[in-house]
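So the chains spell out like this:
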Amino acid sequence: MKGRVQETVEQDTIKQETVGQDTIKQKTVGLDTAKQNTTVWKDNVKDKADTLPGYEDCLGTLKRRLEQADAIVIGGGSGLSAAAGLTYIGRRFEAHFKEFIERYGMRDMYSAGFYPFPTQEEKWAYWSRHIYYNRYDMPAAKLYRELYEMVKNKNHFVLTTNVDHQFWLAGFQDERIFATQGDYGLFQCRQGCHKKLYDNEAQVRAMVREQKDCKIPSHMVPRCPVCGGDMEVHLRCDGNFMEDEAWHRAAVRYETFLRNNREKDLVFLELGVGMNTPGIIKYPFWRMTKQWERAFYISVNLEQAWAPDEIMDRSLVLKADIADVLEHLAEAGAGRNDGTVFRERSSQT
C-alpha cells in the first residue's frame, strides 16, 4: 500500500464538555465505551493523479452519502478555515505582524490573542490588525465556496465555532448558520452590561490605518456607549460573552432543524473539528449518530479524525487535507446526483 500510512488513534477517555449555554448543552455523550481504537487512513500522495484506490473509495462513499442525504448538518471547526488558507502561524502571521513579533515575542495569532498588553492602545493596535486580516481583508475562500456549491440545493444547516464569517461570505444563508462562539466583526461591552452587539468594521479599519509604533491613538480606544467601560471583541473567552437575541434565534433554528430531521437520512459532516471544544460539535454529533438510527457521521480532518466503536458502522473517518477532499468532490459534482461517482469500497475490503 505505497503512499498510505495506517495509523491508530487512541483516546483514553471521552468526557462530555458543557458548552456554556443551555440551548446546546449536552448532558451525556451517550457512548458505551471510553477507549477509542479507530483505524484511519492518511493520504501521503502528493500527485493527485496517483491517488490510491482506498482514498478514492472513501471519497466515493462521502459523495454518495451527501447526495442521498435528506438533510446535512455541517460542523465547521478551526481546521476548516486553516485548510482554506486562514492560517494563524507561519508566513501569513510573520508578514502581517512583523513589528508585534519583534516587540512582544509573539509566535502565532492564536496565542497572541491572550497576550497581556499593558495598555488599551497597544491591545487594540494588535486586535484591530488581527480582525482586519481575518475578517475584512479575506474574501470568501475557495474551499468555503466549493462547500456551499455542494450543499446549496440540499436541506442543510451549519454549526460552527469559527468566528471569521467565512460561511456568510461564501453564500450560506444567515438563517442556516449558528456560530456559537461569536464573530470578529462585532464588539460588545467587556463587562456585558447590556445585551447589544456593535459592528466594528469602520472602527477596525480606522485603527489599522492610524496605528503607529504598535499603538493606536487614545481617542480611538473602543468604549462602551452604556457604561463607559472597555469594549471587547465578540469572542467566547469568559462568562461575559454576549448571547444576544440573534444568537438565541440561531440556536432555536438549529434545534428545530435537528428535531425536524432526526428520523430522516441525516448526515453529520464534521470538517476540521479537533479537541479544543469537542462539546460543541464533535461529542453531540457522536451522541446523535448513536441515538438516531438513520444518522451517519463523517469526519474529515488532517490531524484529528476518529469515531467511537459504537458508531463506526455508520461513520466515515477520513484523515486528509480538507481542501483536497472538497476539491475532489467539486470536480466529481458532489451534491448534484448526476451519476458521476468515485468507485466505492466493497463491504468486504
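Let me begin by describing the structure that accompanies this report.

Here is what the cut-offs are and how they apply
- Residues numbered from 1 in each chain as written.
- Predicted model: local features only at pLDDT ≥ 70, side-chain atom pairs only at ≥ 80, totals over all residues.
- Heavy atoms only, no water.
- Helix = DSSP H or I, 4+ residues; strand = E, 2+ residues; numbered from the N terminus.
- Buried < 20%, exposed > 50% of the residue type's maximum accessible area, 1.4 Å probe, protein only.
- Lys, Arg positive; Asp, Glu negative; His and termini not counted.
- Salt bridge = Lys/Arg side-chain N within 4 Å of Asp/Glu carboxyl O.
- Polar contact = N/O pair within 3.5 Å; in protein donor to acceptor, adjacent residues only side chain to side chain.
- Contact = heavy atoms within 4.5 Å.
- Pairing = 2+ DSSP bridges.
- Phe/Tyr/Trp six-rings, centres within 6.5 Å; stacked < 30°, edge-to-face > 60°.
- Lys NZ or Arg CZ within 6 Å of the ring centre and 35° of its normal.
- Axes fitted to C-alpha atoms, helices over the stretch in contact; angles between N-to-C directions.
- Core = buried A, V, L, I, M, F, W, Y, C linked by side-chain atoms within 4.5 Å.

**Some details on the side chain of D164**
- Looking at the element boundaries, D164 is found in the loop between β4 (156-160) and α8 (166-170).
- The side chain of D164 is buried and forms no salt bridge, while R135, the nearest opposite charge, is found at 7.7 Å.
- Polar side-chain contacts of D164 include one of 2.5 Å to the side chain of S81.
- In terms of polar contacts, D164 uses its side chain to reach the backbone amide nitrogen of Q166, at 3.1 Å.
- Setting aside anything within four residues of it in sequence, one finds D164 in contact with S81, L86, N134, R135, Y144 and Y184.

**Some remarks on the pairing of β4**
- Within β4, five of the five residues are buried, which leaves the element mostly enclosed by the surrounding structure.
- Here β4 shows a buried face lined by H156, V158 and T160 and a second buried face lined by F157 and L159.
- Note: strand β3 (residues 71-76) against β4, five bridges, orientation parallel. Residue pairing in the sheet places V73 in a bridge with F157 of β4.
- Across three bridges, the pairing between β4 and strand β5 (residues 177-179) is parallel.

**Here's the deal with the packing of aromatic side chains**
- Across all of its chains, the model carries 24 aromatic pairs by this definition.
- When the ring of F100 is compared with that of Y126, the centres are 5.8 Å apart and the planes differ by 75°; the resulting orientation is edge-to-face. Here F100 is found in helix α4 (residues 98-104), whereas its partner Y126 is found in helix α6 (residues 120-136), with 26 residues between them in sequence.
- On the basis of relative accessibility, which here comes to 0%, the residue F100 falls in the buried class.
- Pairwise contacts between aromatic rings join F93, F97, F100, Y104, Y115, F117, Y126, W127, Y132 and Y133 into one cluster.
- Sitting over the face of the ring of F296, R65 holds its NZ or CZ atom 3.9 Å from the ring centroid.
- The ring of W306 has K282 lying over it, and the distance from NZ or CZ to the ring centre is 5.5 Å.

**Observations regarding the environment of R92**
- With respect to the helices and strands, R92 occurs in helix α3 (residues 91-96).
- Overall, R92 belongs to the buried group, its relative accessible area being 15%.
- In sequence terms R92 and M109 are 17 residues apart; their C-alpha atoms lie 9.7 Å from each other.
- Excluding its chain neighbours within four sequence positions, the residues that come into contact with R92 are G85, L86, T87, M109, Y133 and N134.
- A polar contact of 2.9 Å, which involves the side chain of R92, links it to the backbone oxygen of T87.
- Separated by 3.0 Å, the side chains of R92 and N134 make a polar contact.

**With respect to the sheet that holds strand β7 (residues 198-199)**
- Across the sheet, which stays open at both edges, the three strands sit in the order β7-β6-β8 with antiparallel pairing between neighbours. Where the open sheet ends on each side, the last strands, each with one partner, are β7 and β8 (231-235).
- One ladder, built from two bridges, connects strand β6 (residues 182-189) with β7; its direction is antiparallel. What sits directly across from L186, in β7, is D199.
- The sheet contacts of α6 involve β6 and β8, and relative to β6 the element is tilted by about 145°.

**Overview of the environment of S128**
- Position of S128 relative to the elements: it lies in helix α6.
- By relative accessible area, which is 0% here, S128 ends up buried.
- Apart from residues no more than four positions distant in its own chain, S128 is found in contact with V204, M207, V208 and Q211.
- Looking at S128, its side chain comes within polar contact range of the main-chain oxygen of W124, at 2.7 Å.

**Some details on the environment of Y148**
- Here Y148 is to be found in helix α7 (residues 142-151).
- With 23 residues separating them along the chain, Y148 and G171 place their C-alpha atoms 6.7 Å apart.
- The residues contacting Y148, other than those within four sequence positions of it, are A170, G171 and F172.

**Side note on helix α11 (residues 282-291)**
- Within α11, eight of the ten residues are buried, which leaves it mostly tucked inside the rest of the structure.
- Within the sequence span of α11, burial applies to K282, Y283, P284, F285, W286, R287, M288 and T289.

**A few points about the sheet that holds strand β11 (residues 315-318)**
- As summarised here, the arrangement of the six strands in space is β5-β4-β3-β9-β10-β11, forming an open sheet in which the pairing is parallel. Each end of this open sheet is capped by a strand with a single partner; those strands are β5 and β11. Averaged over all pairs of adjacent strands, the angle between strand axes in this sheet comes to 10°, irrespective of strand direction.
- Along the sheet, α7 makes contact with β3, β4 and β9 (266-271), crossing β3 at roughly 165°.

**With respect to the nonpolar core**
- Among the nonpolar cores identified, the biggest contains 38 residues, and I74, L147, F167, F172, L269 and V325 are the most heavily contacted of them.
- In terms of residues, this core owes the most to one element, α7, which gives six residues.
- Once residues within four sequence positions are removed from consideration, F172 is found in contact with I74, Y144, L147, Y148, V151, H156, V158, F167 and I177.
- In terms of nonpolar packing, the next biggest core, distinct from the first, is built from 32 residues, F93, F97, Y184 and Y198 among them.

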